[in-house]
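# Examining the three-dimensional arrangement
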Amino acid sequence: AAGLGLAVVGFGVAVAAMPARYRKTMYKHDTLKDYLSRIWDERTVSRPGWGEGQDAARAVIVMDWHVLYLPKDKVREWLRKRWGVWERREPPWFTRRWRAELYKHCQGSGALTKTATRSIQTEARTRATRATTQSVGNA
């Protein structure tokens, strides 16, 4: 009990000593949906090996959170604006696996664009055709 009391007092002293402009960054009451919408516009940190910048950070957000909480309008707009760019010059995270997971994760939610959906489905059909052709050739 004494340890808890000391921790609470220590936290209070730290907050009191902190400049007022930084106190608001300590806590912000958001729903998960509001939080994800806010970090969608601010976050630039992604996973190791995924690259840097907002696109990489958004690619992580889309994979890490359930589609019910994602800012679907922002996701759709991001995919609409950037899909063609990524197809021409693939960033490290824009892998076949990421695209397949995106489709599985977001299909039917309204977050996917028609272009992304068609591209992913075409890629899946092509892979399936190649696998069938290879298995017939090996038989």
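Notes on the structure follow. (Residues numbered from 1 in each chain as written. Predicted model: local features only at pLDDT ≥ 70, side-chain atom pairs only at ≥ 80, totals over all residues. Heavy atoms only, no water.)

## What to know about the overall build of the protein chain
From N to C terminus, the protein chain includes seven helices and zero strands. For the protein chain, the sequential pattern of α-helices and β-strands runs α-α-α-α-α-α-α. Taking 139 residues into account, the globule formula puts the C-alpha radius of gyration at 14 Å, and the protein chain, at 22 Å, lies well above it. Each of the 139 residues in the protein chain was classed as buried or not, and the buried ones make up 27%. Taking as baseline every contact in the protein chain between residues at least 6 positions apart, the subset at least 24 positions apart corresponds to 50%. Charged side chains of the protein chain number 26 positive and 13 negative; the gap between the two group centres comes to 2 Å. (Helix = DSSP H or I, 4+ residues; strand = E, 2+ residues; numbered from the N terminus. Rg over C-alpha atoms; globule rule 2.2 N^0.38 Å. Buried < 20%, exposed > 50% of the residue type's maximum accessible area, 1.4 Å probe, protein only. Contact = heavy atoms within 4.5 Å. Lys, Arg positive; Asp, Glu negative; His and termini not counted. Charge placed at Lys NZ, Arg CZ, Asp CG, Glu CD.)

## What to know about the nonpolar core
A general feature of soluble globular proteins is that nonpolar side chains tend to end up buried together. Formed by 26 residues in total, the largest nonpolar core has its most connected members in Trp78, Trp83, Trp93, Trp98 and Leu102. Contributing elements (two or more residues each) for this core: α3 (32-42), α4 (54-64), α5 (72-88), α6 (96-106) and α7 (114-138). Among residues more than four places away in sequence, those in contact with Leu102 are Val62, Met63, Leu79, Trp83, Gln107, Leu112 and Ile120. (Core = buried A, V, L, I, M, F, W, Y, C linked by side-chain atoms within 4.5 Å.)

## Regarding the packing of α3 against α5
In contact at an axis separation of 10 Å, α3 and α5 are set at 30° when each is read in the N-to-C sense. In terms of their interaxial angle, α3 and α5 are classed as roughly parallel. Across the interface between the two elements, Ser37, Trp40 and Asp41 of α3 pack against Lys74, Val75 and Trp78 of α5. Here the contact of α3 with α5 is composed, by residue class, of three nonpolar, one polar and two charged. (Axes fitted to C-alpha atoms, helices over the stretch in contact; angles between N-to-C directions. Parallel < 35°, antiparallel > 145°, perpendicular 65-115°, else oblique. Nonpolar A, V, L, I, M, F, W, Y, C, P; charged D, E, K, R; others polar.)

## A short note on the pattern of salt bridges
Scanning all chains against the criterion turns up twelve salt bridges. Two residues, Arg38 and Asp30, come together in a salt bridge whose shortest N-O distance is 2.6 Å. Classification of Asp30 by relative accessible area gives partly exposed; the value is 24%. With a shortest N-O distance of 3.9 Å, Glu42 and Arg38 are connected by a salt bridge. Within this pair, Glu42 and its partner Arg38 are both found in helix α3, separated by four residues, close to a single helical turn. Residues participating in the shared-partner salt-bridge network are Asp30, Arg38 and Glu42. (Salt bridge = Lys/Arg side-chain N within 4 Å of Asp/Glu carboxyl O.)

## Describing the environment of Asp73
Tracing the chain through its elements places Asp73 in helix α5. Residue class for Asp73 comes out exposed when judged on its relative accessible area of 55%. With 38 residues separating them in the primary sequence, Asp73 and Ala111 have C-alpha atoms 6.6 Å apart.

## Description of the packing of aromatic side chains
Going through the model one piece at a time under the given rule, you end up with eleven aromatic pairs. Between Trp78 and Trp98, the ring centres sit 6.4 Å apart and the planes meet at 90°, which makes this aromatic pair edge-to-face. With a gap of 20 residues between them, Trp78 in helix α5 and Trp98 in helix α6 connect regions that are remote in the sequence. Each member of the pair, Trp78 together with Trp98, is buried. (Phe/Tyr/Trp six-rings, centres within 6.5 Å; stacked < 30°, edge-to-face > 60°.)

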